[in-house]
Amino acid sequence: MDREFWNKEIETLDRKRLEELQLERLNDTLARAKKSEFYRNRIPERVESLAELQDIPFTTKDDLRKSFPFGMVAVDPSELVRVHSSSGTTGQATVIYHTRKDIENWADLVARCMYMTGVRKNDVFQNMMGYGLFTGGLGLHYGSEKLGSLTIPASSGNSKRQIMLMKNFNTTVVHITPSYALHLYTIMLDEGIDPRRDLKLKIAFLGAEPYTEETRKRLEELYGFDAFNSYGLSEMNGPGVAFECRNKDGMHLWEDHYIIEVIDPVTGEVLRDGEEGELVLTTLMREGMPIIRYRTGDITRVYPEPCSCGRTHRRISRIKGRSDDMLIINGVNLYPMQIEKVLMGIPEVGNNYLIEIDKVGYLDRINVKVEVRPEIFKGDVRDLENLKHKIIEELKTNVLVKPHVILVEPNSLPKSEGKAVRVIDKRKSQEV
Ligand code: AMP
Ligand code: ZN
């Protein structure tokens, strides 16, 4: 029978032993990191317990930027074999260096994630994430090859070619951003392709950007695949940090490679499991560029309960957004995902939307532009009016702000082939 785990011993390691391993690896990490200019005087030689980690200051994205190019590198630069950079969703990009061993470890983690969702050697994996400095391309690529699947380095964009590749190679597994998957479906419709009927897709990895459970369900229905949430960030390698198992209920974050903390983003206080806050991660295996107590900016919580799949590594919840994504609309706090949740739960709503915020006098105004399904758009005007009211009512109830809703034609909003831009905040440029 097919084995169930990529690495059963590590994935199901008893919690006590897992924590002992973490302490041992944390001390190795401290010793390595001390060789970098940035950490030299910032961290102790060693700690006696994991709790002592809390006495070490956080590392921020700004620290990474300031230590460019080699301030955080802990090995001789000749040992480095790869550089990646974050996509710069917020401000200037940050740069991460890897040694050969780092790349091997990363590939193994990704293979572990893929295997956990059911991918096997005989699968055909089409990677529709950008190849290049962005980690979504090469990161999954090496993991998939390590697992042994036939790997198609399709990269992002060129939708017609993506569809052709899927057909020609009988692709069974895809890696794609949720926003691009929504868009790609509309292209398939235009091409007369019904993915459930004409393609062999079984599994999708969706990640690199926040999205909602409603979007996952919608995509699973449209494509007929099982979609798994994939979380990662360049600073911690990229994809492969946390992934859903077949239970699809929270993402196992690999605690043999990372220490998890969740903090109050304002006070920095460490929160208990179950409490929502900003995820802070420490690398345990990194050679080239160890990072200690990195503030990811991502809002999540740790599940206190163990998972029935038998893996002992704790799960984090779907990322609600980044702490800097939070919008304040006339004093009400709001994450764009709360709007997406409402929109993607309404069947008449199409596959794309855009949130624009501006100021009218002293008040903030939120405009939600929503693409409508083609059959509704071409139908009765009264249906469109009703739909608009339905969206406004549901947003008022669930998000507590009254938006201005504009229904637009299918395929008329800016399309995403990578990470989507969901919000345009014009308030800053309106300030005088
Ligand atoms: P980058 O380093 O450019 O790949 O960007 C990493 C960031 O993308 C993370 O810090 C998250 O904000 C976001 N991200 C990645 N995967 C997910 C996911 N599955 N859900 C929500 N946000 C994600
Ligand atoms: Zn599980």
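Residues numbered from 1 in each chain as written. Chains lettered and ligands numbered in written order. Predicted model: local features only at pLDDT ≥ 70, side-chain atom pairs only at ≥ 80, totals over all residues. Heavy atoms only, no water.

1. Regarding the sheet that holds strand S8 (residues 238–244)
- Within the open sheet, the eight strands sit side by side as S4-S3-S5-S6-S7-S8-S9-S13. Their pairing is mixed. Where the open sheet ends on each side, the last strands, each with one partner, are strand S4 (150–152) and strand S13 (315–316).
- In terms of strand pairing, strand S9 (residues 251–253) meets S13 through two bridges, oriented antiparallel. Considered in S13, the bridge of Met-251 is made with Ile-316.
- Sitting on the sheet, helix H6 (residues 159–169) touches strand S3 (124–127), S4 and strand S5 (173–176), and the angle it makes with S3 is about 170 degrees.
- Where helix H7 (residues 178–190) meets the sheet, it contacts S5 and strand S6 (203–207), and its direction lies at approximately 115 degrees from that of S5. (Pairing = 2+ DSSP bridges. Helix = DSSP H or I, 4+ residues; strand = E, 2+ residues; numbered from the N terminus. Contact = heavy atoms within 4.5 Å. Axes fitted to C-alpha atoms, helices over the stretch in contact; angles between N-to-C directions.)

2. Thoughts on the coordination of the zinc ion (ligand 2)
- Donor atoms from the polypeptide that bind the zinc ion (ligand 2) are Cys-245 (SG), His-252 (NE2), Cys-307 (SG) and Cys-309 (SG), placed at 2.1 to 2.3 Å.
- Read in sequence order, the donor residues for the zinc ion (ligand 2) give the motif C-x6-H-x54-C-x1-C.
- We classify Cys-245 as buried; its relative accessible area is 1%.
- Overall, the relative accessible area of 0% leaves His-252 in the buried class. (Donors = N, O, S within 2.8 Å, 3.2 Å for Na, K, Ca; no water. Buried < 20%, exposed > 50% of the residue type's maximum accessible area, 1.4 Å probe, protein only.)

3. Some thoughts on the domain arrangement of the chain
- As far as domains go, the chain holds domain 1 (1–323) and domain 2 (327–430).
- Computed over C-alpha atoms only, the centres of domain 1 and domain 2 are separated by 30 Å.
- Opposite the 27 residues of domain 1 that make contact, domain 2 presents 21 residues.
- Here domain 1 and domain 2 share an interface that buries about 2,000 Å² over both sides, 52% of which is from carbon and sulfur atoms.
- Counting across the interface, domain 1 meets domain 2 through one salt bridge.
- A salt bridge links Glu-214 to Lys-341; the shortest N-O distance between them is 3.1 Å.
- Along the contact surface separating domain 1 from domain 2 lie 14 residue pairs in polar contact (both at pLDDT 80 or more).
- The element best represented in the side of domain 1 that touches domain 2 is H7, accounting for seven residues. (Domains from an automatic or database assignment. Buried area = accessible area lost by both parts, 1.4 Å probe. Salt bridge = Lys/Arg side-chain N within 4 Å of Asp/Glu carboxyl O. Polar contact = N/O pair within 3.5 Å; in protein donor to acceptor, adjacent residues only side chain to side chain.)

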